[in-house]
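Chain and residue survey
Now for the letters of each chain:
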Amino acid sequence: MEHIAISEAAQAHFRKLLDTQEEGTNIRIFVVNPGTPHAECGVSYCPPNAVEENDTEMQYDGFSAFVDEVSLPFLEEAEIDYVTEELGTQLTLKAPNAKMRKVADDAPLIERVEYVIQTQINPQLAGHGGRITLIEITEDGYAILQFGGGCNGCSMVDVTLKDGIEKQLVGLFPNELKGAKDITEHQRGEHSYY
């Protein structure tokens with residue numbers, strides 16, 4: 001990884017904050033619980049005595065960002081911005097790989113599908129309190145999914161599955177997946193067996 005993308009506005013914000021700190025203080029970008037559904041990204045001050053031997057240093061205009069060895073792979077494709085909205089300004093940190101390390105293009109299909117579910121589909125469903133779990137991929141090319149959280153018992157689950165999730169997965173893996181099936185029995189909130 002070359003650098004984490006930090007916008008000009010965010011860099012100016014960091015320089016302004018660092019001006020009030022002791023000389024030699026930079027920033028640290030990290031992931032707590034990396035590779036789990038509970039992953040959280042953060043930015044903190046990094047005084048000179050807090051730099052670890054295995055840290056990766058990324059130099060920006062007027063400061064450096066340090067990333068610990070464990071967080072580094074989970075911050076691939078991360079972006080930091082400083083946005084102005086109606087309610088004020090806000091630092092945003094987007095790290096699409098924080099919950100799951102990016103998988104190689106030639107990884108087994110189940111790993112690539114799981115990556116898409118964790119990084120693209122579940123964040124969309126989370127807005128409704130829902131999530132899906134990949135159970136298996138059948139020999140005839142179907143992703144077997146289990147709905148959970150707010151999706152369990154939802155009357156719109158069939159529409160979400162067919163028009164949303166299935167289209168997205170088949171679109172991303174057109175020669176490998178034929179479709180997606182749900183193993184959850186939504187009327188009773190339990191599992192059916194296909």
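Throughout, residues of each chain are indexed from 1 in the direction in which the sequence is written. Residues qualify for local features only when their pLDDT is at least 70, as the model is predicted, and side-chain atom pairs are given and counted only at 80 or more; totals for whole chains, interfaces and linings, by contrast, use all residues. Values reported for side chains reflect all heavy atoms of the structure, with hydrogen atoms and water molecules removed beforehand.

The criterion, for reference: UniProt positions are given in the numbering used here, feature names are shortened, and annotations may be inferred rather than shown by experiment.
The protein chain appears in an unreviewed UniProt entry as Fe/S biogenesis protein NfuA from Rodentibacter myodis. Turning to the protein chain, the UniProt annotation filed under Subunit (unreviewed entry) states: "Homodimer." Check the Sequence similarities (unreviewed entry) section of the UniProt entry for the protein chain; it says "Belongs to the NfuA family."

1. Section: the sheet that holds strand β9 (residues 142-149)
Applicable threshold: We treat two strands as partners when DSSP finds at least two bridges between them. We count a stretch as a helix when DSSP gives it H or I for four or more residues in a row; a strand needs E for two or more, and each element gets its number in order from the N terminus. Convention adopted: a line fitted to C-alpha atoms gives each axis, helices being fitted over their contacting stretch, and angles between N-to-C directions are expressed from 0 to 180 degrees. The criterion used for residue contact is that any of the two residues' heavy atoms lie within 4.5 Å.
A sheet is described by the order of its strands in space; here three strands give the open sequence β8-β9-β10, paired in mixed fashion. Looking along the sheet, the strands with just one partner apiece sit at the ends: β8 (130-137) and β10 (179-182). When strand polarity is set aside, the average angle formed by the axes of neighbouring strands in this sheet is 35 degrees. Examined bridge by bridge, β9 and β10 share four bridges and lie parallel to one another. Counted as the bridge partner of Leu 145 is Asp 182 from β10. Lying on the sheet, helix α2 (residues 109-126) is in contact with β8 and β9; it crosses β8 at an angle near 165 degrees. Packing against the sheet, helix α3 (residues 157-172) makes contact with β8, β9 and β10, and its axis sits at approximately 145 degrees to β10.

2. Observations regarding the environment of Leu 109
Structurally, Leu 109 is set in helix α2. Each C-alpha atom of the pair Leu 109 and Phe 173 lies 8.6 Å from the other, and the pair is 64 residues apart in sequence. Here Leu 109 is in contact with Ile 137, Phe 173, Glu 176 and Leu 177, once residues within four sequence places are set aside.

3. Notes on the UniProt feature "domain: Core" (unreviewed entry) in the protein chain
In this structure's numbering, the residues bearing the UniProt feature "domain: Core" (unreviewed entry) are residues 3-101. Helix makes up 11% of residues 3-101 and strand 40%. Its end C-alpha atoms lie 17 Å apart.

4. Some thoughts on the environment of Ile 144
In plain terms, the rule: When accessible area is computed with a 1.4 Å probe and restricted to protein chains, residues below 20% of their type maximum are described as buried, those above 50% as exposed, and intermediate ones as partly exposed.
With respect to the element layout, Ile 144 can be found in strand β9. On the basis of relative accessibility, which here comes to 1%, the residue Ile 144 falls in the buried class. Expressed as a C-alpha distance, the spacing of Ile 144 and Lys 181, which sit 37 residues apart in the sequence, is 5.0 Å.

5. Considerations on the confidence of the model for the protein chain
The following threshold applies: Every residue is assigned a pLDDT by the predictor, reflecting its confidence on a scale from 0 to 100.
The predicted model of the protein chain has a mean per-residue pLDDT of 85, with 93% of residues at 70 or higher. Low pLDDT, under 50, characterises residues 186-194; the predicted model gives this stretch 20 contacts beyond four residues in sequence or across chains.

6. Some remarks on the pairing of strand β4 (residues 56-60)
On any regular strand, side chains alternate: one points to one face of the sheet, the next to the other face. Relative to strand β5 (residues 63-67), β4 runs antiparallel, the two being bridged by five bridges. Of the residues in β5, the one forming a bridge with Glu 57 is Phe 66. What sits between the antiparallel neighbours β4 and β5 is a turn of two residues, in which Gly 62 has the positive phi angle 95 degrees.

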